[in-house]
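Structural characterization, general
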Amino acid sequence: MNDVVKIRGLKYGLQLLFEKNAPFDAVKSSILEKLTTGDKFFIRGTTVFIDKNSFSNEQLEQLRRIFHQHGMLFSDKLPAATPKVERKTAPTPVSVPAAEVKKVKPTLVVDKTLRGGQEVRTESSVLVLGNVNPGAQIIAGGSIDVRGFCRGYVHAGAFGDQTACIVADHLRPIQIRIADLIARPPDDMKEVNKEEQKPERASIKNGYIVFEPIMR
């Protein structure tokens with residue numbers, strides 16, 4: 001019998017497709033089996049996309065909780081169409097979105113720690129006065145500044161702004177994105193305690209995301 005859950009790779013994560021008329025309980029069981037058996041596609045920090053019309057809001061919330069419990073991110077808004085439009089209407093993939101990002105927008109201030117399962121999406125830059133815990137995510141059109149530990153998923157310059165950067169008192173995200181580039185912190189960047197932490201920045205240099213210490 002065919003698997004009720006199919007996996008499709010996207011530029012920004014994974015999309016789940018389901019057998020027609022498959023019962024929700026069968027879909028849920030198949031997803032749990034894949035997660036608990038260490039399916040190679042389901043890597044911590046990956047975003048999983050499911051069409052919001054596939055299930056009810058309550059059922060989507062159940063799946064959201066399941067993926068967050070396994071260190072993954074969840075979205076019911078499919079991103080596939082956006083990159084194609086950018087490439088057709090601009091000389092480079094980032095030229096049109098970057099112009100939009102340059103419009104003056106106030107920085108969004110988040111005066112709390114973002115815990116697993118919490119999400120911030122904005123066209124502007126973001127300042128977090130707290131930590132970004134594993135399982136939390138920030139997707140910003142501008143830069144991201146975390147005045148604490150950053151261990152979640154962070155995407156700066158989400159609309160194509162390659163001049164955006166990500167700054168944190170301690171930068172250890174599960175996954176990091178700037179514009180259309182993706183990276184994880186180098187393995188030799190070890191955890192330190194709060195007293196020893198030094199602010200760090202991730203930015204794009206020569207086509208790569210580079211991590212480096214900074215002075216506040």
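Look a little higher up for the structure.
A quick note: this is a predicted structure, and the numbers were derived from the prediction, not measured.

**Side note on the nonpolar core**
By size, the foremost hydrophobic cluster in this structure holds 26 residues, and its most contacted members are V132, I138, I144, I166, I176, A202 and I209. Residue assignment for this core shows that the elements contributing at least two residues are β7 (126-128), β8 (137-140), β9 (144-150), β10 (153-156), β11 (166-171), β12 (175-178), β14 (200-205) and β15 (208-213). With near-sequence residues (within four places) excluded, I176 lies in contact with V154, I166, L181, I182, A183, R184, A202, I209 and F211. Within the second largest apolar cluster, 19 residues are counted, among which are V5, L16, A22 and F67.

**Points about the packing of aromatic side chains**
What the rule picks out here adds up to 3 aromatic pairs. Aromatic pair F24 and F55: ring centres 5.2 Å apart, planes at 70 degrees, arrangement edge-to-face. Remark: F55 occurs in the loop between β3 (47-49) and α2 (57-69) and F24 occurs in helix α1 (residues 24-36); sequence separation between them is 31 residues. The exposure class of F24 is buried, given its relative accessible area of 10%. Residue classification places F55 among the buried positions, given a relative accessible area of 12%. Taking 6.1 Å as the distance between ring centres and 20 degrees as the angle between the ring planes, the aromatic pair formed by F67 and F74 counts as stacked. Among the aromatic residues, ring-to-ring pairing joins F18, F24 and F55 into one connected group.

**Here we look at the sheet that holds β10**
Strand order in this open sheet of 5 strands is β6-β8-β10-β12-β13, and the pairing throughout is mixed. Only two strands of the sheet have a single partner each, and these edge strands are β6 (119-122) and β13 (181-183). Taking the axes of each pair of neighbouring strands and ignoring which way they run, one obtains an average angle of 10 degrees across the sheet. Bridge count between β12 and β13: 3 bridges; the pairing is antiparallel. From the neighbouring strand, I178 faces β13, where its bridge partner is L181.

**Considering α2**
Here α2 spans 18 Å end to end across 13 residues, near enough to the 18 Å set by a 1.5 Å rise per residue. All of the buried residues in α2 are L60, L63, I66, F67 and H68. Elements in contact with the buried residues of α2: β2 (13-18), α1, β3 and β4 (73-75).

**Observations concerning the environment of H155**
With respect to the helices and strands, H155 occurs in strand β10. Assessed through its relative accessible area of 4%, H155 is described here as buried. Separated by 11 residues in sequence, H155 and I166 have C-alpha atoms that sit 8.3 Å apart. Apart from the residues lying within four places of it in its own chain, the contact partners of H155 are I138, I139, A140, I144, R177, I178 and A179.

Conventions adopted
- Residues numbered from 1 in each chain as written.
- Predicted model: local features only at pLDDT ≥ 70, side-chain atom pairs only at ≥ 80, totals over all residues.
- Heavy atoms only, no water.
- Core = buried A, V, L, I, M, F, W, Y, C linked by side-chain atoms within 4.5 Å.
- Buried < 20%, exposed > 50% of the residue type's maximum accessible area, 1.4 Å probe, protein only.
- Helix = DSSP H or I, 4+ residues; strand = E, 2+ residues; numbered from the N terminus.
- Contact = heavy atoms within 4.5 Å.
- Phe/Tyr/Trp six-rings, centres within 6.5 Å; stacked < 30°, edge-to-face > 60°.
- Pairing = 2+ DSSP bridges.
- Axes fitted to C-alpha atoms, helices over the stretch in contact; angles between N-to-C directions.
- Expected span 1.5 Å × (residues − 1).

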